[in-house]
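Residue-level structure breakdown
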Amino acid sequence: MTNAILMEHVIDYNAVDAPTRMGVYPQYTHPLAKQRYAELARAIGCTGNSDYELVQKFKQRISELKKSLDIPATFAEAGINKDAYYKVIDSLAEHAFDDQCTPANPRFPLVPELRHILECAYDGQPLSSRMYLEPKEADAAKAKA
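Residues numbered from 1 in each chain as written. Predicted model: local features only at pLDDT ≥ 70, side-chain atom pairs only at ≥ 80, totals over all residues. Heavy atoms only, no water.

For the rest of this paragraph, the subject is the environment of Q125. Among the secondary structure elements, Q125 is positioned in the loop between helix 5 (111-123) and helix 6 (129-132). Between the alpha carbons of Q125 and H9 there is a distance of 9.2 Å; along the sequence they are 116 residues apart. Ignoring any residue separated from it by four or fewer positions in sequence, one finds Q125 in contact with H9 and C120. (Helix = DSSP H or I, 4+ residues; strand = E, 2+ residues; numbered from the N terminus. Contact = heavy atoms within 4.5 Å.)

When two helices pack together, their arrangement is captured by the angle between the axes and the distance separating the axes. Contact pair helix 4 (residues 82-98) / helix 5: the axes reach a minimum separation of 8 Å and the direction vectors enclose 145°. Classified by chirality, the crossing of helix 5 by helix 4 is right-handed. Every residue of helix 5 that contacts helix 4 at K82, Y85, Y86, I89, D90, L92, A93, E94, A96 and F97 is listed here: V111, L114, R115, L118, E119 and Y122. Of the residues in the contact of helix 4 with helix 5, the class split is 11 nonpolar, no polar and five charged. (Axes fitted to C-alpha atoms, helices over the stretch in contact; angles between N-to-C directions. Left-handed = near helix turned anticlockwise from the far one by under 90°. Nonpolar A, V, L, I, M, F, W, Y, C, P; charged D, E, K, R; others polar.)

Counting residues in hydrophobic clusters, the biggest one holds 14 residues, and the most contacted among them are L6, F75, Y85, I117, L118, A121 and L127. The biggest single contributor to this core is helix 5, with six residues. In this structure, A33, L54, V55 and I62 belong to the second largest nonpolar core, which totals 11 residues. (Core = buried A, V, L, I, M, F, W, Y, C linked by side-chain atoms within 4.5 Å. Buried < 20%, exposed > 50% of the residue type's maximum accessible area, 1.4 Å probe, protein only.)

Once that is clear, we can look at the side chain of H9. For H9, the location among the structural elements is in helix 1 (residues 2-14). Setting aside chain neighbours within four positions, we find H9 in contact with I117, C120, A121, G124, Q125 and L127.

Where helix 1 contacts helix 3 (residues 51-68), the two axes come as close as 10 Å, and the packing angle between them is 175°. Here helix 3 runs roughly antiparallel to helix 1, going by the angle between their axes. Contact residues: helix 1 offers A4, I5, M7, E8, I11 and D12, while helix 3 offers V55, Q56, F58, K59, I62, S63 and K66. Classifying every residue of the contact of helix 1 with helix 3 by side-chain character gives seven nonpolar, two polar and four charged. (Parallel < 35°, antiparallel > 145°, perpendicular 65-115°, else oblique.)

Here the focus is the packing of aromatic side chains. A ring pair, where both rings are aromatic, is described by two values, the distance of the centres and the angle of the planes. Inspection of the entire model under this criterion finds six aromatic pairs. Centroid distance F75 to Y85: 5.3 Å. Interplanar angle 35°. Geometry classified as tilted. Taken together, the residues span a long stretch of sequence, with F75 in the loop between helix 3 and helix 4 and Y85 in helix 4 at a distance of 10 residues. Comparing F75 with Y85 shows no difference in burial state: the two are buried. Seen in terms of ring centroids, Y85 and Y122 are 5.0 Å apart; in terms of plane orientation they differ by 40°. Their pairing is tilted. One end of the pair, Y85, is in helix 4; the other, Y122, is in helix 5, with 37 residues separating them in the sequence. In textbook terms, an aromatic cluster arises when at least three aromatic residues are bridged by ring pairs, as seen for F75, Y85, Y86 and Y122. In this structure, R107 packs its charged tip against the face of Y13, placed 3.9 Å from the ring centre. (Phe/Tyr/Trp six-rings, centres within 6.5 Å; stacked < 30°, edge-to-face > 60°. Lys NZ or Arg CZ within 6 Å of the ring centre and 35° of its normal.)

Next up on the list: helix 1. End to end, helix 1 covers 17 Å across 13 residues, agreeing with the expected 18 Å (1.5 Å per residue, within 8%). Its axis deflected by about 40° at E8, helix 1 carries its strongest bend there. Residues of helix 1 that are buried: A4, I5, L6, E8, H9, I11, D12, Y13 and N14. (Expected span 1.5 Å × (residues − 1). Bend = angle between axes of the 7 residues up to and from the residue.)

In structure tokens form, the structure reads like this:
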């Protein structure tokens, strides 16, 4: 359930062209996550004018699937007590950073970034757009809000 709750936030985090730190695999000459998420979106029938738009539609489809399966969208919806969650959030972020799977992420996260993802996933807030989206996309997202 945790992976499902975090999914859209992790996609937002990874789907950038200029990450803070890129994954460590030598076969990647530049970040590919946004393009690959866009390919997945196309594969499930989404259409769009840009990779950014396709990624947004892909996340929407994931949200719809979770809802159809009665998977909570947030940790709050899952019944996690907010005070208890925030008491351990720093430890959760550190454990996520130290997890052996973290280096396989397309974008290598810093502990404060992991904490921010966890904060946003608690009640469904979007990631800070200036921190995670390309500047042009952040401006577009802000204009829509």
